[in-house]
Amino acid sequence: MHPATPDLSFGDLTPEFMLDALDAAGLRADGRLLQLNSFENRVLQVHLEDGRVAVAKFYRPARWSDAQILEEHAFAAELAAAEVPVAAPWTLADGTTLFHFQGQRMAVTPRQGGRGPELEDPEVLRWIGRLLARLHVVGRERPFAERLHWTSAAPARTARDWLMANDAIPPEIAPGWDDAAQRCLDAIQSAFDGLPDLRLTRLHGDCHPGNILWTPDRGPHFVDLDDAVMGPVVQDLWMLLPGEPDAARLQLHALLDGYEQVAEFDDRELRLIEPLRTLRMIHHSAWLARRWGDPAFPVAFPWFGTPNYWLDQTAKLREQLEAMKPKDAPPALARDEDFVDFDGDGFA
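Since the structure is predicted, the reported quantities are computational estimates derived from the model, not experimental observations. (Residues numbered from 1 in each chain as written. Predicted model: local features only at pLDDT ≥ 70, side-chain atom pairs only at ≥ 80, totals over all residues. Heavy atoms only, no water.)

J.: Honestly, helix 9 (residues 307-324) in this entry has me stumped. Any pointers?
T.: The α-helix advances 3.6 residues per turn, and as a result positions three or four apart in sequence lie on the same side. The end-to-end C-alpha distance of helix 9, which contains 18 residues, comes to 26 Å, matching closely the 26 Å that a straight helix rising 1.5 Å per residue would cover. For helix 9, the set of buried residues is Tyr309, Trp310, Gln313, Thr314, Leu317, Gln320, Leu321 and Met324. Each buried residue of helix 9 lies within a common arc of 135 degrees when the element is viewed along its axis, so the set occupies one face. Facing away from the buried surface of helix 9 by more than 90 degrees, the exposed residues are Asn308 and Glu319. Along its buried surface, helix 9 packs onto helix 4 (154-165), helix 5 (174-193) and helix 7 (273-290). (Helix = DSSP H or I, 4+ residues; strand = E, 2+ residues; numbered from the N terminus. Expected span 1.5 Å × (residues − 1). Buried < 20%, exposed > 50% of the residue type's maximum accessible area, 1.4 Å probe, protein only. Arc of directions from axis to C-beta. Contact = heavy atoms within 4.5 Å.)

J.: So what exactly am I meant to see when it comes to the packing of aromatic side chains here?
T.: Two aromatic rings are characterised by how far apart their centres lie and by the angle between their planes. Under the criterion given, the structure shown has 16 aromatic pairs. For the pair Phe301 and Trp303, a centre-to-centre distance of 5.6 Å together with 80 degrees between the ring planes defines the contact as edge-to-face. The exposure class of Phe301 is buried, given its relative accessible area of 12%. Judged by its relative accessible area of 42%, Trp303 falls in the partly exposed class. What links up through ring pairs into an aromatic cluster is the set Phe39, Trp177, Trp287, Trp292, Phe297, Phe301, Trp303, Phe304, Tyr309 and Trp310. Between the NZ or CZ atom of Arg202 and the centre of the ring of Phe144, over which it lies, the distance is 5.7 Å. (Phe/Tyr/Trp six-rings, centres within 6.5 Å; stacked < 30°, edge-to-face > 60°. Lys NZ or Arg CZ within 6 Å of the ring centre and 35° of its normal.)

J.: I would appreciate a short explanation of the packing of helix 4 against helix 7 in the present structure.
T.: Working note: a packed helix pair is described by the angle between its axes plus the distance between those axes. Remark: helix 4 packs on helix 7, axes separated minimally by 8 Å, with the N-to-C direction vectors making an angle of 40 degrees. One finds that helix 4 runs oblique with respect to helix 7. For the pair helix 4 and helix 7, the crossing hand works out as left-handed. Contact residues: Pro155, Ala156, Thr158, Ala159, Arg160, Trp162 and Leu163 in helix 4; Leu279, Ile282, His283, Ser285, Ala286, Ala289 and Arg290 in helix 7. Of the residues that constitute the contact of helix 4 with helix 7, the class distribution is 9 nonpolar, 3 polar and 2 charged. (Axes fitted to C-alpha atoms, helices over the stretch in contact; angles between N-to-C directions. Parallel < 35°, antiparallel > 145°, perpendicular 65-115°, else oblique. Left-handed = near helix turned anticlockwise from the far one by under 90°. Nonpolar A, V, L, I, M, F, W, Y, C, P; charged D, E, K, R; others polar.)

J.: Would you mind showing me how to read the nonpolar core here?
T.: It is characteristic of soluble globular proteins that their nonpolar side chains tend to be buried jointly. Counting 79 residues, the largest nonpolar core has Leu163, Phe222, Tyr259 and Ile282 as the members making the most contacts within it. If sequence neighbours within four positions are ignored, Phe222 has contacts with Val84, Pro85, Val86, Ala87, Gln112, Leu131, Leu132, Leu135, His204, Cys207, Asn211 and Ile212. Leu13, Leu44, Leu48 and Leu92 belong to the second-largest nonpolar core, a separate cluster that totals 21 residues. (Core = buried A, V, L, I, M, F, W, Y, C linked by side-chain atoms within 4.5 Å.)

J.: Teacher, can you tell me more about the pattern of salt bridges here?
T.: Between side chains of opposite charge, a pair can form as their charged atoms come close. Considering all chains together, one arrives at 28 salt bridges under this definition. Linking Asp266 and Arg268 is a salt bridge whose minimum nitrogen-to-oxygen distance equals 2.8 Å. The class of Asp266 is partly exposed, set by a relative accessible area of 28%. Taking the shortest distance from any N to any O, the salt bridge between Lys316 and Asp312 comes out at 3.1 Å. Separated by 4 residues within a single helix, Lys316 and Asp312 lie in helix 9, roughly one turn from each other. Here Asp312 falls in the partly exposed class, since its relative accessible area comes to 35%. Within the structure, one salt-bridge network assembled from shared partners comprises Glu40, Arg42, Lys57, Arg60, Arg63, Asp224, Asp226, Asp227, Arg291 and Asp294. (Salt bridge = Lys/Arg side-chain N within 4 Å of Asp/Glu carboxyl O.)

Here it is in structure tokens:
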């Protein structure tokens, strides 16, 4: 595999540099910094001299334009104004939420603690469903102009093209992987083409359990809108479901039970779960390959790029081809009118 170009400028982010950036932004830190888990950006918890605790994010160069980041920040501000619990960036010393300092870009949000949600609990899922619906109600008020659109096979096609152009896949495996990927791209596009009147919404975009924090008194709140996109609302639902179909179906019922207390859900979007899952698989492989020059990635993902990895991905894409085939019966996760709720908790 040909390694990606290192993001050398991230090597400049020493503690001293980050403290200087905060100071220039009008935030006096008391010196206590804690690196937080983030591969895409550099994120740290900061204790300020005025007693507040903040989270500072230094953006990876060249990933998003300033306009794309500011559009994400504006969405977060709209959500906060609508009392949707999300960490919205502060306005900094230069009057904007995106601060430039010696070639780096930084945003700062208040720290919001919590733990991972218990997705086996139907009441937790209902609460998350209501919260997602509230986010989407705000998201429907206007479209994104700058952020990406997950409304076709295009993001996966771009990822596939990059992987093949950069010889990221071992040559003896590349033809088989590419054949499966190309057929998956056709199936993804066909699924979107089958819903020409699909309603699009501003989304969280990366709504997996790690991006939802739970507190016993306030319930769930969202973190990290870094991957906010335009797309169908089911994109913010499917990553909260387990891989096992029967368990996923039960949890989907609880999520949608909460969701539809606040907003309507178009059941046709359930047909997009497997296409969206496949799109993300191809996109994720390209993301890892593009970031391989960052020293953090080989340490965190030692299995990536090996022949076994690509053989496994080829097999999984072929499985997804079967999962995406049009079926006469409703999708495996579709809601069943004959579903019986024996004990009133949404789980049969």
